[in-house]
Amino acid sequence: MSKLFRAVILGPPGSGKGTISERVASSFGLQHLSSGDFLRENIAAKTEAGVLAKTYIEKGALVPDHLMTRLVLPRLVEMTRHSWLLDGFPRTLAQAEALNSACELDVVISLNIPLETLKDRLRHRWIHPASGRVYNMRFNPPRVQGVDDISGEPLIQHEDDKPEALVARLRHYKDVAKPVIDLYRAKGILHMFSDTETDRIWPYVSSLLSAKIPTDRADAQRATTP
Ligand SMILES: Nc1ncnc2c1ncn2[C@H]1C[C@H](O)[C@@H](COP(=O)(O)OP(=O)(O)OP(=O)(O)O)O1
Ligand SMILES: Nc1nc2c(ncn2[C@@H]2O[C@H](COP(=O)(O)OP(=O)(O)O)[C@@H](O)[C@H]2O)c(=O)[nH]1
């Protein structure tokens, strides 16, 4: 890869951002940067920002914009040699504006998944809290029920993935995300994908990225073409 490529993936909880990001990372060599992973790292390392963020996450609240921005932007700025796909940030217009001032994005992938599908998926989502590894009891179940494949530790279900909290959470996401989506649409970099299955969305994401990501091969061809 020659020129650095920078992309963001947007979508409501359960829309498949993490699942698609993993595929992008392994197929295109982009670094998958996840706001949730940044948070977990900071919480584990007990940094000042991590300790503060934990108090919000424990309440099931979003981490405030200024704190989130302080956590994420320096990590992006230091990625001067790697192309990346950012997942989980920006979640609000203020975060999107902060990101704008730090770097120029090439592509924004937005996942548009029906509400019923999201509810159904999240009800079956189980996670390994220490690593953030995500399972779905039907789509990608662990090898042994209730147990993380790698560590053998027990899986848990997020309080806010349980049915009572879900609908309010999805509605809130929609309100907060709309201005973010509008901003990227106005910039002409938004690519929206709508379906109920990740496996049907993936080929379209893959061909978009194949067309957009500059490769050494394309550069080499240009260099040899008179
Ligand atoms: N950009 C952000 N702004 C504010 N809070 C955030 C942001 N990213 C993550 N958080 C918070 C919300 C979550 O409670 C917590 C963990 O995030 P994440 O790993 O993305 O899990 P999640 O399961 O809530 O998201 P999702 O359901 O979208 O996969 O951190
Ligand atoms: N049934 C089904 N589950 C899926 C599909 N894509 C992802 N999932 C599961 O749905 C849940 C949410 O996906 P995830 O990638 O974590 O979404 P995110 O919250 O947007 O990062 C996880 O349990 C995934 O394993 C799909 O196409 N079908």
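What counts and how
Residues numbered from 1 in each chain as written. Chains lettered and ligands numbered in written order. Predicted model: local features only at pLDDT ≥ 70, side-chain atom pairs only at ≥ 80, totals over all residues. Heavy atoms only, no water. Near = heavy atom within 4 Å. Polar contact = N/O pair within 3.5 Å; in protein donor to acceptor, adjacent residues only side chain to side chain. Areas by Shrake-Rupley, 256 points an atom, 1.4 Å probe, with all protein chains shown as cover. Nonpolar A, V, L, I, M, F, W, Y, C, P; charged D, E, K, R; others polar. Salt bridge = Lys/Arg side-chain N within 4 Å of Asp/Glu carboxyl O. Helix = DSSP H or I, 4+ residues; strand = E, 2+ residues; numbered from the N terminus. Buried < 20%, exposed > 50% of the residue type's maximum accessible area, 1.4 Å probe, protein only.

Caption draft 1: Molecular detail of the site of ligand 2. Taken together, 17 residues lie near ligand 2, and Gly14, Lys17, Thr19, Asn140 and Thr198 sit nearest. Separating an oxygen atom of ligand 2 from a side-chain N or O atom of Lys17 is a distance of 2.8 Å. At 3.0 Å from an oxygen atom of ligand 2 is found a main-chain nitrogen or oxygen belonging to Tyr135. Against a free-state accessible area of 580 Å², the protein chains account for coverage of 91% of ligand 2. Here the shell around ligand 2 is built from residues that sort into 5 nonpolar, 8 polar and 4 charged.

Caption draft 2: Region of the structure containing the pattern of salt bridges. Under the defined criterion, the tally for this structure stands at 12 salt bridges. Glu58 serves as the salt-bridge partner of Lys54, at 3.5 Å between the closest nitrogen and oxygen. Of this pair, Lys54 and Glu58 both sit in helix H3 (residues 48-58), 4 residues apart, which is roughly one turn of the helix. Under the relative-accessibility criterion, Lys54 is labelled partly exposed at 37%. With relative accessibility at 60%, the residue Glu58 sits in the exposed group. Between Arg138 and Asp120 there is a salt bridge, with the nearest N and O atoms lying 2.6 Å from each other. You can see Arg138 sitting in the loop between strand E6 (133-136) and helix H7 (163-187) and its partner Asp120 sitting in helix H6 (residues 115-123), a full 18 residues away along the chain.

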